[in-house]
Amino acid sequence: MTITLVLVIAMAVLFACGVYLLLERSLTRMLLGFLLVGNALNLLLLVMSGAAGKPPIGKSADGITDPLPQAFALTAIVITFAVSAFLLALIHRSWTLSRADEVEVDEADVAIRHDRGGAAEDDEQTTDGAHR
């Protein structure tokens, strides 16, 4: 296996685990999923940047590599850090107010889904277990 194939496999695993965690109801798991997706994106940019060892700007024997993926990687790191800090603030606020980090089912969203006719029998239950 080449290094690039190993990075692609690692990137795919990080994306898959990150998306799985993003779909959970726990805010902490959502944060971990977002961090995994951010790291997978950085690996994607690393794989797309070209061969290792070539300078990004300047002449080399094979030409030059594009510095744009490195700039994208730095931007992705900063955006991931900012959104992670915001999610941590949301988790802290949720824990302070309700001592739980679970995302609850919104009654208005359930009512809209029920009015459109797209709800299954199991989805028509409210959070207290009563049927509508």
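Residues numbered from 1 in each chain as written. Predicted model: local features only at pLDDT ≥ 70, side-chain atom pairs only at ≥ 80, totals over all residues. Heavy atoms only, no water.

### A short note on unusual backbone geometry
Even without being a glycine, Arg99 presents a positive backbone phi close to 55°. Mapped onto the elements, Arg99 comes out in the loop between α3 (68–98) and α4 (107–116). (Helix = DSSP H or I, 4+ residues; strand = E, 2+ residues; numbered from the N terminus.)

### As for α3
With 31 residues, α3 ought to run about 45 Å at 1.5 Å a step, and its terminal C-alpha atoms sit 44 Å apart, in line with that. Taken as a whole, α3 has its buried residues at Pro69, Ala73, Ala76, Thr80, Ser84, Leu87, Ile91 and Ser94. Against α2 (27–48) lie the buried residues of α3. (Expected span 1.5 Å × (residues − 1). Buried < 20%, exposed > 50% of the residue type's maximum accessible area, 1.4 Å probe, protein only. Contact = heavy atoms within 4.5 Å.)

### Section: the confidence of the model for the chain
Summary statistics for the chain give a mean pLDDT of 81 and a share of 76% for residues scoring 70 or more. Averaged over each element, pLDDT in the chain is lowest for α4 (86) and highest for helix α1 (residues 3–22) (92). (pLDDT = per-residue confidence, 0-100.)

### Overview of the packing of α1 against α2
Running from N to C, α1 and α2 cross one another at 155°; their axes reach a closest spacing of 7 Å. Here α2 runs roughly antiparallel to α1, going by the angle between their axes. In this structure, α1 crosses over α2, and the sense of that crossing is left-handed. Classifying every residue of the contact of α1 with α2 by side-chain character gives 21 nonpolar, four polar and one charged. (Axes fitted to C-alpha atoms, helices over the stretch in contact; angles between N-to-C directions. Parallel < 35°, antiparallel > 145°, perpendicular 65-115°, else oblique. Left-handed = near helix turned anticlockwise from the far one by under 90°. Nonpolar A, V, L, I, M, F, W, Y, C, P; charged D, E, K, R; others polar.)

### Remarks on the side chain of Thr80
As for its placement among the helices and strands, Thr80 is situated in helix α3. Polar side-chain contacts of Thr80 include one of 2.7 Å to the backbone oxygen of Ala76. Once residues within four sequence positions are removed from consideration, Thr80 is found in contact with Phe34, Leu35 and Gly38. (Polar contact = N/O pair within 3.5 Å; in protein donor to acceptor, adjacent residues only side chain to side chain.)

### Description of the side chain of Asp101
As for its placement among the helices and strands, Asp101 is situated in the loop between α3 and α4. Buried within the structure, Asp101 lacks any salt-bridge partner; Arg29 is the closest side chain of opposite charge, at an N-O distance of 7.6 Å. A polar contact is formed between the side chain of Asp101 and the side chain of Ser26, at a distance of 3.1 Å. Among the polar contacts made by the side chain of Asp101, one reaches the side chain of Thr28 at a distance of 2.5 Å. When residues no more than four places from it in sequence are discounted, the contact partners of Asp101 are Arg25, Ser26, Leu27, Thr28, Ser94 and Trp95. (Lys, Arg positive; Asp, Glu negative; His and termini not counted. Salt bridge = Lys/Arg side-chain N within 4 Å of Asp/Glu carboxyl O.)

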